[in-house]
Amino acid sequence: MASYIDCVVDTKPMAHEIDKVSHHVTATTTAVVAMKTAVIAAEKEASDHVCEKVNQGFYTMIRSQISQKMAKLQSDVDSLLMQLAQQQKQLLGIRTRMERDYNMLLARYSKLFTGLNQNLKQRVAELDRPTMNFALGEVEHITNRSKLLTATVPVGQLESVMQSQQILASNAKYQGMKVINTMRDFLSDFNDQRRLTSTILLSGEARESHLAVPVVMMETCIDRNGTTVENIVMNDTGLSASMQRSIQNTITSTEDNLPWVDTTDKDRETINEYGKMVASANLPDRVKEMMNNLFRAASYQTLKQ
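Everything numeric in this text was worked out from a predicted model, so none of it was measured.

Rules and cut-offs
Residues numbered from 1 in each chain as written. Predicted model: local features only at pLDDT ≥ 70, side-chain atom pairs only at ≥ 80, totals over all residues. Heavy atoms only, no water. Helix = DSSP H or I, 4+ residues; strand = E, 2+ residues; numbered from the N terminus. Contact = heavy atoms within 4.5 Å. Areas by Shrake-Rupley, 256 points an atom, 1.4 Å probe, with all protein chains shown as cover. Buried < 20%, exposed > 50% of the residue type's maximum accessible area, 1.4 Å probe, protein only. Polar contact = N/O pair within 3.5 Å; in protein donor to acceptor, adjacent residues only side chain to side chain. Expected span 1.5 Å × (residues − 1). pLDDT = per-residue confidence, 0-100. Salt bridge = Lys/Arg side-chain N within 4 Å of Asp/Glu carboxyl O. Pairing = 2+ DSSP bridges.

1. Let's talk about the overall build of the protein
When helices and strands are tallied, the protein shows 7 helices and 4 strands. Put simply, the protein runs from its N terminus to its C terminus through helices and strands in the order α-α-α-α-β-β-α-β-α-α-β. For the protein, restricting intrachain contacts to residue pairs at least 6 apart in sequence, the fraction spanning at least 24 positions comes to 51%. Carbon and sulfur atoms make up 60% of the accessible area of the protein, which amounts to about 27,500 Å² in all.

2. Observations regarding the side chain of Arg 245
As for its placement among the helices and strands, Arg 245 is situated in helix α5 (residues 241–253). With a relative accessible area of 14%, Arg 245 lands in the buried category. Among the polar contacts listed, one links the side chain of Arg 245 to the side chain of Asp 101, at a separation of 3.5 Å. Ignoring any residue separated from it by four or fewer positions in sequence, one finds Arg 245 in contact with Arg 97, Arg 100, Asp 101 and Met 104.

3. What to know about helix α1 (residues 12–127)
With 116 residues, α1 should reach 172 Å at 1.5 Å per residue; the first-to-last C-alpha distance of 166 Å fits that figure. Inspection of α1 places Ser 75, Ser 79, Gln 83, Gln 86 and Ala 125 among the buried residues, and these make up the whole buried set.

4. Brief notes about the confidence of the model for the protein
Here the protein averages 79 in pLDDT, while 86% of its residues score no lower than 70. Taken element by element, the protein is modelled with least confidence in helix α3 (residues 145–148), mean pLDDT 59, and with most confidence in helix α7 (residues 285–297), mean pLDDT 86.

5. Quick word on the pattern of salt bridges
Counted according to the given criterion, the structure contains 6 salt bridges. Its salt-bridge partner being Asp 76, residue Lys 72 comes within 3.4 Å of it at the nearest N-O pair. Note that Lys 72 and Asp 76 are positioned in helix α1 at a spacing of 4 residues, about one turn of the helix. Take Asp 76: its relative accessible area is 32%, and that puts it in the partly exposed class. Linking Arg 95 and Glu 99 is a salt bridge whose minimum nitrogen-to-oxygen distance equals 3.2 Å. Within this pair, Arg 95 and its partner Glu 99 are both found in helix α1, separated by 4 residues, close to a single helical turn.

6. Comments concerning the pairing of strand β2 (residues 228–234)
In terms of strand pairing, strand β1 (residues 215–221) meets β2 through 7 bridges, oriented antiparallel. Its bridge partner being in β2, Cys 221 is matched across the sheet by Thr 228. The turn joining β1 and β2, which pair antiparallel and follow one another in sequence, is formed by 6 residues; a positive phi near 90° is taken by Gly 226.

Right under this line is the structure:
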C-alpha cells in the first residue's frame, strides 16, 4: 500500500528567476527592434547612395556619347564645307573658262558673219547692177534734190545771183571735204593694216620648232575621306590662254599613261629654295622645324626620263 509524503516546496526563487528572465527577454526584444530600425535605415541609405551613383554614371555616359556624336557631326560638317569650298572654286574656274571661250567664239563668228554679209551684199549687188545703182544713187539724188539744188532757181535777179553762187560753192566745198575725209580715213586704215600685217607675218621662211614648257602637277587631299583634287600649274609668260588650255587638255588626256616613278633623292636646288623660303618666313621656330621635318619626310614622284 502506497504511502504519501506531504511536503511544502517554496517556488519564490524560481518565480524570481523567471521574472528576471522576463526582464531580459523584454530588453532583448527592445534591442532587436532597435537593430531592425538601424538596419532598415542603413539599407535605405545604401540604396539611396547606389541610386545616386547609378544616376550620376548614366548621366555621365549619356553626356559622353552626346559629346562624341557632336564631335563626329562637327567633323563631317567641316569636311562638307571644305568640299563645298573646293567645288565652288572649281565651278568659278569653269565659269571663267566658259566665259572666255564664249567671248572668243563670239568674236570669231561675228567676224565670220560680217564677212559673209559683205560678200552676200556684193553678190546681190552684182546680180542686177543697174537696179542697184538706181536704188543707191539716183533715188537718193531724187529724194535730196531740194537740198542738193538749193541755189538753183528758175528766175533770179541780180541781187540773188551772188548769194546763189556762194551757196553752190559752200555745198561743193562740203562735198569735197567729205571726199577728202573719206580718202584720209581709207589711207589711215590701209597704213594701220599694213603695219599690223608686218608685225604678224614672219620675215623669213616659217620653220617648225619645239618649245619646252615646265609644268607642275599637284594632287591635293582636301579631307579625311581621301578626296583628291588635281591642279596643273605652268608659267604664263609667252603663252596665250588658248596655248595654256591646249597644254592642260593634253596633260589631262594622257595623265593615266605618264610614266611616274618614285624619287628617292630630292633635288638640291629644290631643297635650297625651300630652306630659304622657310628661313625668311615670319613664323615661330617650332613651326619652321615642323615644316622642315615634314619636307624631309615627304616623298613625291617625277616623270621617267
